[in-house]
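Structural overview for review
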Amino acid sequence: MAYQLYRNTTLGNSLQESLDELIQSQQITPQLALQVLLQFDKAINSALAQRVRNRVNFRGSLNTYRFCDNVWTFVLNDVEFREVTELIKVDKVKIVACDGKNTGSNTAE
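Report on the accompanying structure. Please read all numbers here as calculations on a predicted model, not as lab measurements.

**A few points about the overall build of the protein**
- Per the secondary structure count, the protein includes 2 helices and 3 strands.
- Ordered by position from N to C terminus, the α and β elements of the protein give α-α-β-β-β.
- When burial is assessed residue by residue, the protein has 17% of its 109 residues classed as buried.

**What to know about the packing of aromatic side chains**
- Counted under the stated rule, the structure contains 4 aromatic pairs.
- Between Y65 and W72, the aromatic rings sit 6.5 Å apart at their centres with planes inclined by 35 degrees, giving tilted as the arrangement.
- Here W72 and F74 contribute two aromatic rings whose centre-to-centre distance is 5.5 Å and whose plane-to-plane angle is 10 degrees, an arrangement assigned as stacked.
- F74 gets classed as partly exposed once you look at its relative accessible area, which sits at 26%.
- Members of the aromatic cluster, joined through ring pairs, are Y65, F67, W72 and F74.

Reading the values: rules and limits
Residues numbered from 1 in each chain as written. Predicted model: local features only at pLDDT ≥ 70, side-chain atom pairs only at ≥ 80, totals over all residues. Heavy atoms only, no water. Helix = DSSP H or I, 4+ residues; strand = E, 2+ residues; numbered from the N terminus. Buried < 20%, exposed > 50% of the residue type's maximum accessible area, 1.4 Å probe, protein only. Phe/Tyr/Trp six-rings, centres within 6.5 Å; stacked < 30°, edge-to-face > 60°.

Bear in mind that shape data such as this cannot, by itself, settle questions of function.
See below:
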């Protein structure tokens, strides 16, 4: 099973809202909507793993960290993100990191 982290992105939220509307108008079943979301999870995880090659450096003060169920969560304060010519400063950022090799996306269903 793929991670469901990206359901809370703009794209994921829009997909869920559209599926909810289709369910409400009885154009699709809730089971079909769930299958669409599961396919979205697999597709977005695969696309990000295979297609994104950009790198960004960041520096900040570690506020809290946690490791639970193979998921790292970091909260940093006063963070600077640097890409070749750009610098972005934010007061607080939360980073959630999962093991991309254990998502189960390579298993047969």
